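Structural characterization, general
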Amino acid sequence: LRLHYQSRGPGQGDERLGVCLHGRVMDNLSSWYFTVANPVAMHAEALLYDLRGHGKSERPETGYSVSAHVDDLEAILDALGHRDRPLELVGNSFGGLLAVAFAMRHPERVRGLALVDAQIHDESWGEEMRTSLGLQGKELEDAIATNFQRWLGRHSERKRNRLGKNAYELVYETSLVEDLCTSEVPKVEGLERLTFPVRALYGEHSDVRERGERMVAGLADCELSIHSGCTHSVLWEQTSAV
């Protein structure tokens, strides 16, 4: 599987590696490239990549479980010679969920997490994915327009149409929905192993805020901030704060 990535930096020689993980379906590494990645690269090297099926990465028919995405991240880090570098994972939405999943599998490799309105992989998440990604026709178009309004508003009509086409193909021509819905829910006690610093940001009106607050409350060292007036799109709504 060929995955598209970009490296920014290496900052000021800091040994840390900041890995930026984007959201699902309508997102790709450009959401980080045009917001936080370049400022981060002033301090430490930043690695951005398109998740499988997204952006310029290849789109296999299968293999979209949370575990498979974590496998992809492991493979990229190994291929680029980053196995022994201390990682700071920076995840937005689904990317935040992946950051936590990687950290729970490899807590010894992670130095810190930055979670930007991270989705929470609990017992309710799978069915929510099926509901939000299993829409058809006009309902799907309306959901995309609502959920990604600010994201899409930053692009030309041509690019919006391309993003919409890619999203449709990803949802209906791969096993993504079923793979996400059936991904194994992590054990709550796994959070106890995450003793490194975590910075969590949630939008005041985000639909995942309440569950996010419950999750971070179980972390040993977490600083939480709620951003006034923001929705799930806090990355775009308050880029400078992020």
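Here the residue numbering is sequential within each chain, running from 1 through the sequence in written order. Whole-chain, interface and lining totals are the exception, using all residues; otherwise, since this is a predicted model, local features are given only for residues with pLDDT of at least 70 and side-chain atom pairs are given and counted only at 80 or more. Each side-chain value is worked out from all heavy atoms of the structure, with water and hydrogens disregarded.

So, on to the overall build of the protein. The helix and strand tally for the protein stands at 11 helices and seven strands. Considering the protein as a whole, with its 242 residues, one finds that 52% of them fall into the buried category. Should any heavy atoms of two residues lie within 4.5 Å, those residues are counted as being in contact. A sequence separation of at least 24 residues applies to 78% of the contacts in the protein between residues at least 6 apart. Only DSSP runs of H or I reaching four residues or more are called helices, and only runs of E reaching two or more are called strands; each is numbered from the N terminus. Exposure is judged per residue with a 1.4 Å probe applied to protein chains only, and the accessible area is read against the type maximum: over 50% gives exposed, under 20% gives buried, and values in between give partly exposed.

Below, the discussion takes up the packing of helix α3 (residues 66-79) against helix α4 (residues 94-105). Think of each axis as a best-fit line through the C-alpha atoms, taken over the contacting stretch in the case of a helix, with angles from 0 to 180 degrees between the N-to-C directions. Their axes nearest at 10 Å, the elements α3 and α4 cross at an angle of 75°. Put simply, α3 runs roughly perpendicular to α4. Residue-level inspection shows Val66, Ser67, His69, Val70, Asp71, Leu73, Glu74 and Leu77 of α3 in contact with α4, the latter providing Phe94, Leu97, Leu98, Ala101, Phe102 and Arg105. When residues are sorted by character, Ala, Val, Leu, Ile, Met, Phe, Trp, Tyr, Cys and Pro go into the nonpolar class, Asp, Glu, Lys and Arg into the charged class, and all the rest, Gly among them, into the polar class. Of the residues assigned to the contact of α3 with α4, the class counts are nine nonpolar, two polar and three charged. Orientation categories follow fixed angle ranges, with anything under 35 degrees roughly parallel, anything over 145 roughly antiparallel, 65 to 115 roughly perpendicular, and all other angles oblique.

A few words on the pairing of strand β2 (residues 17-21). For β2, the buried fraction is high: five of the five residues fall into the buried class. Of the two faces of β2, the one holding Leu17, Val19 and Leu21 and the one holding Gly18 and Cys20 are both buried throughout. Any two strands with at least two DSSP bridges between them are considered paired. In this structure, β2 lies alongside strand β3 (residues 45-49), joined through four bridges in parallel fashion. Across the sheet, the residue bridging to Cys20 is Leu48, located in β3.

Turning our attention to the packing of aromatic side chains. By convention, a stacked pair of Phe, Tyr or Trp rings (six-membered ring in the case of Trp) has centres within 6.5 Å and planes under 30 degrees apart, an edge-to-face pair has planes over 60 apart, and any other such pair is tilted. In this structure the tally under the stated criterion is three aromatic pairs. Residues Tyr33 and Phe34 carry aromatic rings whose centres are separated by 5.0 Å and whose planes lie at 80° to one another, so their mutual orientation is edge-to-face. You can call Tyr33 partly exposed: its relative accessible area is 28%. For Phe34, a relative accessible area of 56% puts it in the exposed group. Ring centres of Phe94 and Trp125 lie 6.1 Å apart, and the angle between their planes is 5°; on these two criteria the pair is classed as stacked. Here the residue Phe94 occupies a position in helix α4, and Trp125 occupies one in helix α5 (residues 125-133), the gap between them amounting to 31 residues.

With that settled, the discussion passes to α5. Listing the buried residues of α5 in full gives Trp125, Gly126, Met129 and Leu133. Seen along its axis, α5 keeps its buried residues to an arc of 105°; they face one direction. Along the arc lie the directions from the helix axis toward the C-beta atoms.

What the seven strands build is an open sheet, ordered β1-β3-β2-β4-β5-β6-β7; its pairing is mixed. With partners counted over all chains shown, the strands left at the sheet margins are β1 (5-8) and β7 (222-227), one partner each. Across the sheet, the mean angle from the axis of one strand to that of its neighbour is 15°, orientation sign disregarded. In terms of strand pairing, strand β5 (residues 110-116) meets strand β6 (residues 198-203) through four bridges, oriented parallel. Each bridged residue has a counterpart across the sheet, and for Leu115 the counterpart in β6 is Ala200. In the packing of α3 onto the sheet, contacts are made with β2, β3 and β4 (87-92), and the angle to β3 comes to roughly 135°.

Let's shift gears to the pattern of salt bridges. By convention in these notes, a salt bridge is any Lys or Arg side-chain nitrogen within 4 Å of a carboxyl oxygen on Asp or Glu. For the structure shown, the criterion picks out 16 salt bridges. A salt bridge links Arg130 to Glu127, with the nearest nitrogen and oxygen atoms 3.9 Å apart. Taken together, the positions of Arg130 and Glu127, both in helix α5 and three residues apart, correspond to about one turn of that helix. Its relative accessible area of 34% is what places Arg130 among the partly exposed residues. Exposure remark for Glu127: the relative accessible area of 48% places this residue in the partly exposed category. For Glu213, the salt bridge identified is with Arg209, shortest N-O distance 3.4 Å. Linking Glu213 with Arg209, this pair stays in helix α10 (residues 209-217), spanning four residues, or about one helical turn.

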